[in-house]
Amino acid sequence: MQTLEELLQKKILIIDGAMGTMIQRYKLQEADYRGERFKDWASDVKGNNDLLSITQPQIIQEIHLQYLEAGANIIETNTFSAQRISMADYHMEDLSYELNVASTQCARKAIEQFVSNNKNALSKDNYFVAGALGPTNRTLSLSPDVNNPGYRAVTFDQVADAYYEQLRGLIDGGIDILLIETIFDTLNAKAAIFACKKYFADHNMELPIMISGTITDSSGRTLSGQTLEAFFYSIEHANPISVGLNCALGGRQMRPYIEELANIAQCYVSAYPNAGLPNTMGEYDETPNITATIIKEWAQDGLVNIVGGCCGTTPDHIKAIAEAVKNIAPRKVSSLTV
């Protein structure tokens, strides 16, 4: 059986694309989100995409399958907001564990279906389920009250405990990798890292950790104000298998930051940009060919080990990216000068 690291040494791996973009294609209504189980839920649940892993698992599995067919090696669980802090918006805090188990099972079933039914599929050990830990909808570094800069809506322990519960569901469900992603506040990420390490110690086990931050604009900083270099050294202690960037920026805007990260990171580098920047209607217009061309240039310049797409990307984008980089050697970690 090949490990993730063994594959990373051989080739550029492909992570999947956006989940939300794909769910929008189904034009689901409130009743679809509720399903039979939550038909009498007291508050609206439309927009709670993570809930679909319970109420519409066939849709989530189908989306995963489309990304696998497009060439993805790593598929992310539908758990971006599946911890009790974010689920409080829907009064569904107590569903956190169940949501993570269900989402992981959707991804695992998609891989099993793909490998068994597709004659062109690689062996099963070439595909991985990444348990997605999103940033939550709270920030530990910034006050939500402009009149009270010392106020915080949540504590470090509360965030860490929420992630620990989420991890328990993901790991019980059967993930292969932990993915701490879309980090806009490094202190939130540190809470996720703390939860991961505590879980590993409590259960005498360990999984690879991927970490992906978000540069929010042309300042080259995260929302909480860190430069990319400062961000990297703030999370390096987690000993991640990869560090990278996703969301907020398209490939063209992300290029200088990926280059900087490739020069300082003594681990593998991941990058999954948006399909360009959103238009005035909030939609993404960048075609698969344009996105793939940009990412191919990164690969040719030896900057990346894992590539894929974030907001606005589709299986067509992932297919184009996979085709563009399939014959290009991955970035060599051993060749780093730093």
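Data block above holds the structure.
Predicted model only: the values in this text are computed from it and were never measured.

(A) Empty space enclosed by the protein, seen in detail. A complete count under the given rule lists one cavity of 30 Å³ or more for this structure. Roughly 40 Å³ of volume is contained in the largest cavity. In this structure, the largest cavity is lined by L133, G134, P135, Y163, I180, E181, I183, F184, D185, N188 and A189. Residue composition of the lining of the largest cavity, by class: seven nonpolar, two polar and two charged.

(B) Molecular detail of the environment of T104. Structurally, T104 is set in helix α7 (residues 96-117). The class for T104 is buried, based on a relative accessible area of 0%. Taking the C-alpha atoms as reference points, T104 and I175, separated by 71 residues in sequence, lie 6.4 Å from one another. When neighbours within four sequence positions are excluded, T104 is seen to be in contact with T77, V129, G169, L170, G173, G174 and I175. A polar atom in the side chain of T104 sits 2.8 Å from the backbone oxygen of N100.

(C) Summary view of helix α10 (residues 228-235). Among all positions of α10, only L228, F231, F232, S234 and I235 are buried. Around the axis of α10, the buried residues are gathered within 160° of arc, so they sit on the same side. Where α10 is buried, its residues meet β4 (177-183), α9 (186-203), β5 (209-213), β6 (242-250) and α11 (251-264).

(D) View of a nonpolar patch on the surface. A contiguous nonpolar surface patch, about 240 Å² in accessible area, is contributed by F156, L187 and F194. With respect to the helices, strands and loops of the structure, F194 is situated in helix α9.

(E) Focus on the nonpolar core. Judged by nonpolar contacts, the single largest core of 97 residues is most densely connected at I180, I211, L261, W298 and V304. The contacts of I180, once residues within four sequence positions are left out, are L133, A189, A192, I193, C196, I209, M210, I211 and S212. Residues L13, M210, Y268 and Y272 belong to the second largest nonpolar core, which totals 17 residues.

(F) Spatial organisation of the layout of surface pockets. Put simply, the largest pocket is a space of about 700 Å³. If you trace the largest pocket, you find 35 residues lining it, with A18, M19, G20, N49 and F80 closest to the centre. Elements that contribute at least two residues to the lining of the largest pocket include exactly α2 (20-24), α6 (84-87), β4 and β6. When its residues are assigned to classes, the lining of the largest pocket shows eleven nonpolar, 18 polar and six charged.

(G) Seen up close, helix α8 (residues 156-173). The end-to-end C-alpha distance of α8 is 26 Å, a good match for the 26 Å that 18 residues give at a rise of 1.5 Å each. Within α8, burial applies to V159, A160, A162, Y163, Y164, E165, Q166, L167, G169, L170, I171 and G173. Elements in contact with the buried residues of α8: α6, α7, β3 (128-133), β4 and α9. Following α8 by one or two positions, G174 has its phi on the positive side, about 110°.

(H) Broad picture of the packing of helix α12 (residues 288-300) against helix α13 (residues 315-325). Two numbers describe how α12 lies on α13: the axes approach to 8 Å, and their chain directions differ by 35°. Of the two possible hands of crossing, α12 and α13 adopt the one that is right-handed. Residues P288, T291, A292, I295, K296 and A299 of α12 touch α13, and the partners they reach there are D316, H317, A320, I321, A324 and V325. For the contact of α12 with α13, a count of residues per class yields eight nonpolar, two polar and two charged.

(I) Molecular detail of the sheet that holds β5. Strand order in the open sheet formed by eight strands is β1-β8-β7-β6-β5-β4-β3-β2, and the pairing between neighbours is parallel. Across the chains shown, the open sheet's two edge strands, defined by having one partner strand only, are β1 (13-14) and β2 (74-76). The pairing of β1 with strand β8 (residues 306-307) spans two bridges and is parallel. Within β8, the position partnered with I14 by the bridge is V307. Set on the sheet, α7 makes contact with β2 and β3; between it and β3 the angle comes to about 160°.

(J) Spatial organisation of the packing of aromatic side chains. All told, the structure shown has five aromatic pairs when counted by the stated rule. A centroid spacing of 5.4 Å and a plane angle of 85° characterise the contact between F114 and Y127, whose relative ring orientation is edge-to-face. Of this pair, F114 sits in helix α7 while Y127 is found in the loop between α7 and β3, placing the two residues 13 residues apart along the sequence. The interplanar angle of 70° and the centroid separation of 5.1 Å between the aromatic rings of F232 and Y233 together place this pair among those described as edge-to-face.

The rules behind each value
- Residues numbered from 1 in each chain as written.
- Predicted model: local features only at pLDDT ≥ 70, side-chain atom pairs only at ≥ 80, totals over all residues.
- Heavy atoms only, no water.
- 1 Å grid on protein atoms, 1.4 Å probe; cavity = no way out; pocket = protein on both sides within 12 Å on 5 of 7 lines; lining within 4 Å.
- Points joined across faces, edges and corners; volume = space filled by probe spheres on them.
- Nonpolar A, V, L, I, M, F, W, Y, C, P; charged D, E, K, R; others polar.
- Helix = DSSP H or I, 4+ residues; strand = E, 2+ residues; numbered from the N terminus.
- Buried < 20%, exposed > 50% of the residue type's maximum accessible area, 1.4 Å probe, protein only.
- Contact = heavy atoms within 4.5 Å.
- Polar contact = N/O pair within 3.5 Å; in protein donor to acceptor, adjacent residues only side chain to side chain.
- Arc of directions from axis to C-beta.
- Patch = residues over 30% accessible without salt bridge, like charges linked within 9 Å, V, L, I, M, F, W, Y side chains within 5 Å.
- Areas by Shrake-Rupley, 256 points an atom, 1.4 Å probe, with all protein chains shown as cover.
- Salt bridge = Lys/Arg side-chain N within 4 Å of Asp/Glu carboxyl O.
- Core = buried A, V, L, I, M, F, W, Y, C linked by side-chain atoms within 4.5 Å.
- Expected span 1.5 Å × (residues − 1).
- Axes fitted to C-alpha atoms, helices over the stretch in contact; angles between N-to-C directions.
- Left-handed = near helix turned anticlockwise from the far one by under 90°.
- Pairing = 2+ DSSP bridges.
- Phe/Tyr/Trp six-rings, centres within 6.5 Å; stacked < 30°, edge-to-face > 60°.

Geometry only, nothing functional implied.
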